[in-house]
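As a plain string of letters, each chain reads:
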Amino acid sequence: MRRSIATVCLSGTLDEKLQAASAAGFDGVELFEADLINSPLAPTAVRELADELGLSIDLYQPFRDFEAVAHPDFRRAEAKFDVMEALGAPTMLVCSNVRPDAIDDDALAAEHLHALAARAHERGLKIAYEALAWGRHVSTYDHAWRIVEQADHPALGTCLDSFHILSRGTDLATIDRIPGEKIFYLQLADAPRKAMDVLQWSRHYRCFPGQGALDVAGLLRRVLATGYDGPLSLEVFNDVFRQADARRTAIDAMRSLILLEQTPLPAPAPLHGFAFVEIGVDADSAPDLEALLRAMGFAHAGPHRSKPVQLWEHGAIRVVLNHGAGEDDPEVVAIAVTSEDPAASAERAHALLAPSLERRRGTGEADLTAVAAPDGTAVFFCGSDWLGDFLPTGEPATDGVPIERIDHITLAQPFEAFDEAGLFYRSVLDLEPSESAELAAPDGLVRSRAYAGGDVRVVLNVPALAGHERTELQHVAFATDDALATARALRDRGVPLLEVPDNYYDDLEARLDLDAAHLRELGVLYDRTPEGELLHFYIAPIGGRVFFEVLERRGGYRGYGALNSSVRMAAQSRGERHAEGAGA
Ligand SMILES: O=C(O)c1ccc(O)c(O)c1
Ligand SMILES: [Mg+2]
């Protein structure tokens, strides 16, 4: 189907918005009136630019507060029709009246809309009537449809907007009764769940389908079943997108539509956990990290055949140190997942507009496909042959530290990339998002959301407010069957574990009525849900950025110990201050 995007979704000037929409592959745009009014381009010039960019102008919007008033303003309408003719925009969106003096009279609204449609019809134009969720008297799509039916004019149809419909929880059954050809336009937007005024929710928190909590896919199926064959058009008002790079937002938007439509999207190949995590190091930071890995029971398994990259192994856990990619502090530069069909995984990633990373490959080396996530992290799809790229050292692994696999990897996101990165990992790796959590750190609030599937778990963290330029931590969490034994073994090997205050254990004992002595002794944190229990602890950050967690999931515990994050972050920030003080 044709894909459109409202100019209001994108930052920048009108020409920048059009350029971005075109570059991302959209077929058309909804032109938001303010974007035209604020532009020095005449409507005919906008039309020419859109033409050059291969974009149609599918909708002119919004025309506000027209119907059901004492004196409907046809003069204003005719002036906008002139603009639409110059733009080549076939349809005008009329949104339901919000004025306090609007009259609660469906027959009158229908009469006015009929008259407006008749004038539009004379000029070959059409009117799409949309219920705003906060409309004065018309606030539901079924009410707007009844008025359209009553007005009964061929140039009048309805505009369905998933946000207005799903935010109010309106029964969707009426959609099945609207003839597809009377749906003149379909606007798609998602939103996170929020208990707030619906206008504020709509104007600030909408997001692209797949990024929020509304069942936009279910609504789309119902609308398509009517026979609707107009554009699928994104209309998202979002504070973050308004200040993000328009070209990136447009690609994020297109990725959302590709995922929503599913075709022609290659099915995801099943994943089986992380193949490795790659950490960039430099000459200063490498020795400390290597010493830590050794203390944790990792062995130096071998150098790469052709790259300054070293493989470290602990049973099935693989950590790759990239000695060419580090700047200052070590950082996670790549995550690799094991795929049943790496080529199919890569094909799906490309279909979802993931940029390929060009990699040099020596003869006989595995063909590892890598794509770039929005935060710059490389994502590799591995089969089983990649280990052959490393020359075995034969160094034996030491035992005694019973960690088994990588449970999750937590990546800090730039403020503007949180929803974009979430949709990227969700769609490319076919992961299920969890509810987002808010974690209070001493220096600010952090928003966190986990994406999980096929034994792959990626957790994204972002500062809740923009402009917080601190170094964000990343971490790799290793799963164990025995957190207490692991903590004891690491402590005995001199690995510095994060110190947890006694107050935490006093509260834990009070809250959960348990004896926490064994946890307290080792600095192990605890959480319990009806599904199971979590025991976890942290190793102090190496060089400030990357740190390791060890966790034991008991029973069906599926979370990440969000409740314990603030005590962890407070301990880390004390450690950081201590280190700064010591270094000064
Ligand atoms: O927020 C608004 O006013 C507004 C305007 C036009 C729309 O299509 C819409 O969904 C909301
Ligand atoms: Mg709308």
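Residues numbered from 1 in each chain as written. Chains lettered and ligands numbered in written order. Predicted model: local features only at pLDDT ≥ 70, side-chain atom pairs only at ≥ 80, totals over all residues. Heavy atoms only, no water.

**Brief notes about the overall build of the protein**
Stage number 1. When its secondary structure is counted, the protein shows 18 helices and 24 strands.
Stage number 2. Referenced to the eigenvectors of the C-alpha coordinate spread, the extents of the protein come out at roughly 85 × 60 × 45 Å.
Stage number 3. Across the 584 residues of the protein, 57% fall into the buried class.
Stage number 4. Across the protein, the centroid of the 54 positively charged side chains sits 2 Å from that of the 91 negatively charged ones. (Helix = DSSP H or I, 4+ residues; strand = E, 2+ residues; numbered from the N terminus. Buried < 20%, exposed > 50% of the residue type's maximum accessible area, 1.4 Å probe, protein only. Lys, Arg positive; Asp, Glu negative; His and termini not counted. Charge placed at Lys NZ, Arg CZ, Asp CG, Glu CD.)

**A word on the side chain of Lys307**
Stage number 1. Relative to the helices and strands, Lys307 resides in the loop between β10 (299-303) and β11 (309-314).
Stage number 2. Buried charge without a partner: Lys307 forms no salt bridge, and the closest opposite charge is Glu365, 4.7 Å away.
Stage number 3. Not counting chain neighbours up to four residues away, the residues in contact with Lys307 comprise Arg359 and Arg360. (Salt bridge = Lys/Arg side-chain N within 4 Å of Asp/Glu carboxyl O. Contact = heavy atoms within 4.5 Å.)

**Digging into unusual backbone geometry**
Stage number 1. Cis geometry is adopted by the peptide bond preceding Pro62, which originates at Gln61 and carries an omega value of -10°.
Stage number 2. As for its placement among the helices and strands, Pro62 is situated in strand β3 (residues 56-63).
Stage number 3. Between Thr263 and the following residue, Pro264, the backbone shows a cis peptide bond with an omega angle of -5°.
Stage number 4. Summarising the element assignment, Pro264 is placed in the loop between α11 (246-261) and β9 (271-280).
Stage number 5. Phi at Ala68 takes a positive value of approximately 60°, unusual for a residue other than glycine.
Stage number 6. Within the secondary structure layout, Ala68 lies in the loop between β3 and α4 (74-87).
Stage number 7. The exposure class assigned to Ala68 is buried, which follows from its relative accessible area of 5%.
Stage number 8. Look at Gln262: it is not a glycine, yet its phi comes out positive at around 70°.

**Examining the domain arrangement of the protein**
Stage number 1. Looking at the assigned domains, one finds that the protein contains domain 1 (3-261), domain 2 (271-389) and domain 3 (405-583).
Stage number 2. The centre of domain 1, based on its C-alpha atoms, is set 45 Å off from the matching centre of domain 2.
Stage number 3. Interface area, domain 1 with domain 2, both sides summed: about 510 Å², of which 60% is carbon and sulfur.
Stage number 4. Considering only the surface of domain 1 that becomes buried against domain 2, Arg248, Arg255 and Ile258 emerge as the three largest contributors, covering 72% of it.
Stage number 5. At the junction of domain 1 and domain 2, the tally comes to 0 salt bridges.
Stage number 6. On the surface where domain 1 and domain 2 come into contact, there are 3 residue pairs in polar contact (both at pLDDT 80 or more).
Stage number 7. Of the residues that constitute the side of domain 1 that touches domain 2, the class distribution is 4 nonpolar, no polar and 2 charged. (Domains from an automatic or database assignment. Buried area = accessible area lost by both parts, 1.4 Å probe. Polar contact = N/O pair within 3.5 Å; in protein donor to acceptor, adjacent residues only side chain to side chain. Nonpolar A, V, L, I, M, F, W, Y, C, P; charged D, E, K, R; others polar.)

**Some points on helix α14 (residues 418-428)**
Stage number 1. The buried count for α14 comes to 10 of 11 residues, which makes it a mostly enclosed element.
Stage number 2. Among the residues of α14, those classed as buried are Phe418, Glu420, Ala421, Gly422, Leu423, Phe424, Tyr425, Arg426, Ser427 and Val428.
Stage number 3. Two residues or fewer past α14, Asp430 is found with a positive phi of approximately 55°.

**Quick word on the sheet that holds strand β5 (residues 126-130)**
Stage number 1. A barrel is described by the order of its strands in space; here 8 strands give the closed sequence β1-β2-β3-β4-β5-β6-β7-β8, paired in parallel fashion. Averaged over all adjacent pairs, the angle separating strand axes in this sheet is 30°, with direction ignored.
Stage number 2. Of the pairings in the sheet, the one linking β3 to strand β4 (residues 91-95) comprises 2 bridges and is parallel in character. Each residue of the ladder has a partner; that of Phe63, found in β4, is Val94. (Pairing = 2+ DSSP bridges. Axes fitted to C-alpha atoms, helices over the stretch in contact; angles between N-to-C directions.)

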